[in-house]
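Here is what each chain is made of, one letter per residue.
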Amino acid sequence: QVQLVESGGGLVQPGGSLRLSCTASEIDTEIYYLGWYGQAPGKQRELVARIRDDGRTVYKDSVKGRFTISKDGAKNTVYLQMDRLKPEDTAVYYCNLARPEMSDSWGQGTQVTVSS
């Protein structure tokens, strides 16, 4: 069972920045997707950003131009740089590893709160 360990959440003022990190204990497939999902209070968990093994990325519309997802393959680590944060970005952020024909793996979640 792959373990995902997240860090980097916290409280930040509107307009501020945070960087989330997530390290996987192993990634044993050539094809994989590392992603960040956000779950706001009372809402469903939804994809925020995802990066594939080959570097291709996908973003939720509301974060395009503000968030940047990247990875370090040698460290099995994915990052989410969050700039110009807004109160509506407040959520628990979960790291996800998806691999073909295998169950997804999830991190424990890290709280991001954007408030003055």
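Definitions and cut-offs
- Residues numbered from 1 in each chain as written.
- Predicted model: local features only at pLDDT ≥ 70, side-chain atom pairs only at ≥ 80, totals over all residues.
- Heavy atoms only, no water.
- Helix = DSSP H or I, 4+ residues; strand = E, 2+ residues; numbered from the N terminus.
- Rg over C-alpha atoms; globule rule 2.2 N^0.38 Å.
- Buried < 20%, exposed > 50% of the residue type's maximum accessible area, 1.4 Å probe, protein only.
- Contact = heavy atoms within 4.5 Å.
- Areas by Shrake-Rupley, 256 points an atom, 1.4 Å probe, with all protein chains shown as cover.
- Lys, Arg positive; Asp, Glu negative; His and termini not counted.
- Charge placed at Lys NZ, Arg CZ, Asp CG, Glu CD.
- Core = buried A, V, L, I, M, F, W, Y, C linked by side-chain atoms within 4.5 Å.
- Salt bridge = Lys/Arg side-chain N within 4 Å of Asp/Glu carboxyl O.
- Phe/Tyr/Trp six-rings, centres within 6.5 Å; stacked < 30°, edge-to-face > 60°.
- Lys NZ or Arg CZ within 6 Å of the ring centre and 35° of its normal.
- Pairing = 2+ DSSP bridges.
- Axes fitted to C-alpha atoms, helices over the stretch in contact; angles between N-to-C directions.

This paragraph deals with the overall build of the protein chain. Counting secondary structure elements, the protein chain contains 0 helices and 11 strands. For the protein chain, the N- to C-terminal ordering of α and β elements is β-β-β-β-β-β-β-β-β-β-β. Taking 13 Å as the expected radius of gyration for a compact globule of 116 residues, we find that the protein chain reaches 13 Å, a close match to that expectation. For the protein chain, the spread of C-alpha atoms along the three principal axes comes to 40 × 25 × 20 Å. Evaluated residue by residue, the protein chain yields a buried proportion of 40% over its 116 residues. Considering only contacts in the protein chain between residues 6 or more positions apart, those separated by 24 or more positions represent 50%. For the protein chain, the computed accessible surface area is about 6,300 Å², with 45% contributed by carbon and sulfur atoms. Across the protein chain, the centroid of the 14 positively charged side chains sits 6 Å from that of the 14 negatively charged ones.

Residues Trp36, Phe67, Val78, Leu80, Met82 and Tyr93 are the most contacted members of the largest nonpolar core, which totals 27 residues. Elements supplying a minimum of two residues to this core: strand E3 (18-24), strand E4 (33-39), strand E5 (46-52), strand E7 (67-72), strand E8 (77-82), strand E9 (91-98) and strand E11 (110-114).

What the rule picks out here adds up to 7 salt bridges. Measuring nitrogen to oxygen at the nearest pair gives 2.9 Å for the salt bridge that ties Lys60 to Glu46. Here Glu46 lies in strand E5 and Lys60 lies in the loop between strand E6 (57-59) and E7, a separation of 14 residues in the sequence. In this structure, Asp54 and Arg52 form a salt bridge, with 4.0 Å as the shortest nitrogen-oxygen distance. Here Asp54 falls in the partly exposed class, since its relative accessible area comes to 42%. On the basis of relative accessibility, which here comes to 18%, the residue Arg52 falls in the buried class.

Before going further, it helps to examine the packing of aromatic side chains. Centre-to-centre distance and the angle between the planes together describe a pair of aromatic rings. Applying the stated criterion across every chain yields a total of 1 aromatic pair. In this structure, Arg45 packs its charged tip against the face of Tyr94, placed 3.6 Å from the ring centre. The aromatic ring of Trp106 is capped on one face by Arg45, whose charged end is 4.7 Å from the ring centroid.

Spatial ordering of the open sheet is given by E1-E3-E8-E7, a layout of 4 strands whose pairing is antiparallel. Here the strands that pair on one side only, and so sit at the sheet edges, are strand E1 (4-7) and E7. Strand-to-strand twist in this sheet, taken as the mean axis angle between neighbours without regard to direction, amounts to 15°.

You can see Pro14 is positioned in the loop between strand E2 (10-12) and E3. By relative accessible area, which is 41% here, Pro14 ends up partly exposed. Each C-alpha atom of the pair Pro14 and Asp89 lies 9.5 Å from the other, and the pair is 75 residues apart in sequence. If sequence neighbours within four positions are ignored, Pro14 has contacts with Leu85, Pro87, Val114, Ser115 and Ser116.

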